[in-house]
Amino acid sequence: MTHFSWLDYTIFGVYLTASVGVGLFSARGAKSLGDYFLAGRGMNSILVAMSILAALFSGISYLAGPADVYKNGFGFAYVVLAFFIATPFTAIWMLPKFYQSRFFTAYQFLEERFALPVRLLASGLFIFRVALWLAAATYAPALALEKVTGIPLWITIIASGTLTTLYTALGGMRAVIWTDVMQLMVLFGGQLLIVMVALGKIPGGLGGVWDTAVTDGRMDISFSFSIAERVNIWSLLLAGAFLHLVQMATDQVSVQRYLSAGSLKEAQRSLWIKLWFVLPVLVLFYGTGLVLYAFYKIHGDPLAAGLIAKEDQILPYFVVTQLPAGLPGLLIAAIYAASMSTISAGLNSLASATVVDFKQRLSKAPEGTQAQQVGNARWITVGYGILVMALAFAVSVMPGNLVESVNTVIGLIGGPLLGLFFLGMFTTRADTRGALLGCLAGFIGLLSIYLYQNSFFTAVKPAPIVSFIWFSLFGCIITMGVGLLTSKAAPAKQP
């Protein structure tokens, strides 16, 4: 296996240095928690839109999207259509709820609508889910760099986690947003470069890729309605919309960015802009899988030949074996760009949820000066960075590829969380007891299905009864159903 040249290391090192430099520069403006967590509520809609997009499309997307299409065809990629359902729903019906009281976190709404225990439960679930999500986002580029350079996985996990934690802790949300913008451009440019190089080595270029995809059925999608089938058009539209809603409407990572905008109108505009940004990015991400499939159909499948252990390694394998010196460094920097933007966004949001939902709300001790509060927030960010690095070592043993593993985690925890927000925003009957019992039922129900399907109860793995993509929808439905049934008859209070 070819390793990095000195030029690759130089390009890669310059990029990492630039990312930390942005964090150091941004640290000067964080004088209060409003500055540190919400960038002073003064970011414009285009920057917010680019930041949301960069935060949600991590190194997981960079590696797992093309890998999933390479192995399974374009089926899951049609989930992009669900954005046309989730985006208007979030912008029109959910986002105004967060702006009514100028919240710091999404979960303050749940206390206003129900009671403190519901807020703490929701914030705790968010912290748990995002910590696991960030662990996967840390593991993905470490896997790529191990394949390219031969550097052990543990070294790259610690290096990426430490550098990202450093600039996030120093610069807060302003550093997160500006590095997101820089990283999104590197991310998109790197993926485009891979496609252009591969197309130059495929007879017929883009036309040859399309012909191969159509001939081999790589663009096919099932129209049957089966919740056990891995993906079909109905699961991608219906369940996919709920999968997007978890991240767009209940996730502090996204909501915190909406609240950093100057007004509700600016925040809504950022969502519409992001919708049109996401289309070319997703088409490029998933389309890369079709290009790599066509390329290796001609040049020999490295997965079948045993040259790589998992399909998630197909992209870095192409980079190191097909690109001239200098370009592997740029491309691995692009993978790191995607992951670092996600990790930084998540760490800042984990810290904001901890400070606002737990420390400030529960502590009776004096909060101290603004500088002391910002200092505490920075140390909490560092603590979460260490936790995420520790969890990253467990990601490699999760069943399924990165696409399935990450979306399973989102559904298991995010589905019941979405149900809580739906109970609070769109029902008048639900009360605190119903919200808590409904969320518990949703989580236990989904966890039982997940454990059963992955042979935790039996020696022989059973046939799947529910595809991973349905978890968010089912978790939301169970939570709402049990929540309404266990609530008292009297109408609950409204925020």
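Structure shown above.
Thresholds applied
Starting afresh in each chain, residues are numbered from 1 along the sequence in its written order. The predicted origin of the model limits local features to residues at a pLDDT of at least 70 and limits the giving and counting of side-chain atom pairs to 80 or more, whereas totals for whole chains, interfaces and linings rest on all residues. With hydrogens and water set aside, each side-chain value is computed from the structure's full complement of heavy atoms. Distance thresholds for patches are 9 Å for like charges and 5 Å for nonpolar side chains (Val, Leu, Ile, Met, Phe, Trp, Tyr), applied to residues having over 30% relative accessible area and no salt bridge. For every accessible area listed, the method is Shrake-Rupley and the probe measures 1.4 Å; residues are considered covered only by the protein chains on display. Think of a salt bridge as a Lys or Arg side-chain nitrogen and an Asp or Glu carboxyl oxygen that are within 4 Å of each other. Going along the chain from the N terminus, every DSSP run of H or I of four or more residues is numbered as a helix, and every run of E of two or more is numbered as a strand. Note on terminology: a nonpolar core comprises buried Ala, Val, Leu, Ile, Met, Phe, Trp, Tyr and Cys residues joined through side-chain atoms within 4.5 Å. The cut-offs for exposure are 20% and 50% of the maximum accessible area for each residue type, with area from a 1.4 Å probe on protein chains only; residues under the lower value are buried, those over the upper are exposed, and the others partly exposed. Note on contacts: a residue pair qualifies if any of its non-hydrogen atoms lie within 4.5 Å across the two residues. For every element, the axis is a line fit to its C-alpha atoms; helices are fit only across the contacting stretch, and the angle between N-to-C directions ranges from 0 to 180 degrees. Should an angle lie under 35 degrees it is considered roughly parallel, over 145 roughly antiparallel, and from 65 to 115 roughly perpendicular; all remaining angles are considered oblique. Classification convention: Asp, Glu, Lys, Arg as charged; Ala, Val, Leu, Ile, Met, Phe, Trp, Tyr, Cys, Pro as nonpolar; all other residues, Gly among them, as polar. The rule is short: rings of Phe, Tyr and Trp, with Trp giving its six-membered ring, pair when the centres are within 6.5 Å, and they are stacked under 30 degrees, edge-to-face over 60, tilted in between. Two conditions define a charge located above a ring, namely a distance within 6 Å from the ring centre to NZ of Lys or CZ of Arg, and an angle within 35 degrees of the ring normal. Helix span, as expected, comes to 1.5 Å for every residue beyond the first. Across the chain, bend at a residue is computed as the angle between axes fitted to the seven residues ending at that point and the seven starting from it. Definitions for this section: a left-handed crossing has its near helix turned counterclockwise from the far helix by less than a right angle. A right-handed crossing has that turn clockwise.

## Re a nonpolar patch on the surface
A cluster of nonpolar side chains, contributed by Ile92, Trp93, Trp272 and Phe426, occupies part of the molecular surface with about 400 Å² of accessible area. Within the secondary structure, phenylalanine 426 is located in helix α16 (residues 402-426).

## With respect to the nonpolar core
Among the nonpolar cores identified, the biggest contains 141 residues, and Tyr62, Phe98, Leu110, Phe126, Phe318 and Phe421 are the most heavily contacted of them. By residue number, the principal contributor to this core is helix α12 (residues 264-299), which donates 17 residues. Setting aside anything within four residues of it in sequence, one finds phenylalanine 126 in contact with Tyr107, Asp251, Gln252, Val253, Ser349, Leu350, Ala353 and Leu417. Grouped together as the second largest cluster of nonpolar side chains are eight residues, Tyr139, Ala142, Leu153 and Met389 included.

## Details of the packing of helix α10 (residues 233-249) against helix α18 (residues 471-485)
At their nearest, the axes of α10 and α18 sit 7 Å apart, and the two run at 80 degrees to each other. Taken as axis vectors, α10 and α18 run roughly perpendicular relative to one another. Every residue of α18 that contacts α10 at Ala239, Phe242, Leu243 and Val246 is listed here: Ser472, Leu473 and Cys476. The residue makeup of the contact of α10 with α18, split by class, is six nonpolar, one polar and no charged.

## Digging into the pattern of salt bridges
One pass over the full model with this rule turns up eight salt bridges. Salt-bridge contacts for arginine 129 lead to aspartate 251; the nearest nitrogen and oxygen are separated by 2.3 Å. Taken as a pair, arginine 129 in helix α7 (residues 116-149) and aspartate 251 in the loop between α10 and α11 (252-260) lie far apart in primary sequence, 122 residues in all. Here arginine 129 falls in the buried class, since its relative accessible area comes to 1%.

## Brief notes about the packing of aromatic side chains
Applying the stated criterion across every chain, the model contains 21 aromatic pairs. Residues tyrosine 70 and tyrosine 293 carry aromatic rings whose centres are separated by 6.4 Å and whose planes lie at 70 degrees to one another, so their mutual orientation is edge-to-face. Highlighted residues: tyrosine 70 in helix α4 (residues 59-72) and tyrosine 293 in helix α12, separated in sequence by 223 residues. Classification of tyrosine 293 by relative accessible area gives buried; the value is 18%. A ring pair is formed by tyrosine 107 and phenylalanine 126, whose centres lie 5.6 Å apart and whose planes are at 40 degrees; its orientation type is tilted. Of this pair, tyrosine 107 sits in the loop between α5 (83-99) and α6 (108-113) while phenylalanine 126 sits in helix α7, placing them 19 residues apart in sequence. Here the two residues tyrosine 107 and phenylalanine 126 agree in accessibility, since each one is buried. Connected via pairs of aromatic rings, a cluster forms that spans Tyr70, Tyr293, Phe295, Tyr296, Tyr317 and Phe318. Above the ring of tyrosine 293, the side-chain terminus of arginine 218 is found at 4.2 Å from the ring centroid.

## Brief notes about α12
Over its 36 residues, α12 extends 52 Å from the first C-alpha to the last, a length consistent with the 52 Å expected when each residue adds 1.5 Å. A bend of about 25 degrees at valine 278 is the largest found in α12, and the proline proline 280 appears one to four places after it. Count one or two residues on from α12 and you reach glycine 300, which has phi positive near 100 degrees.

## Concerning the packing of helix α8 (residues 153-199) against helix α13 (residues 314-322)
The angle between the axes and the distance between the axes are what describe a pair of packed helices. One way to put it is that α8 packs onto α13 with a least axis distance of 11 Å and a crossing angle of 60 degrees. Of the possible angle classes, the one that applies to α8 and α13 is oblique. As for how α8 packs across α13, the hand of that crossing is left-handed. Within the contact between the two elements, α8 uses Gln191, Ile194, Val197 and Ala198 and α13 uses Leu315, Phe318, Val319 and Gln322. Of the residues that constitute the contact of α8 with α13, the class distribution is six nonpolar, two polar and no charged.

## Some thoughts on the side chain of threonine 408
Within the secondary structure, threonine 408 sits in helix α16. Apart from the residues lying within four places of it in its own chain, the contact partners of threonine 408 are Tyr450, Phe468 and Phe471.

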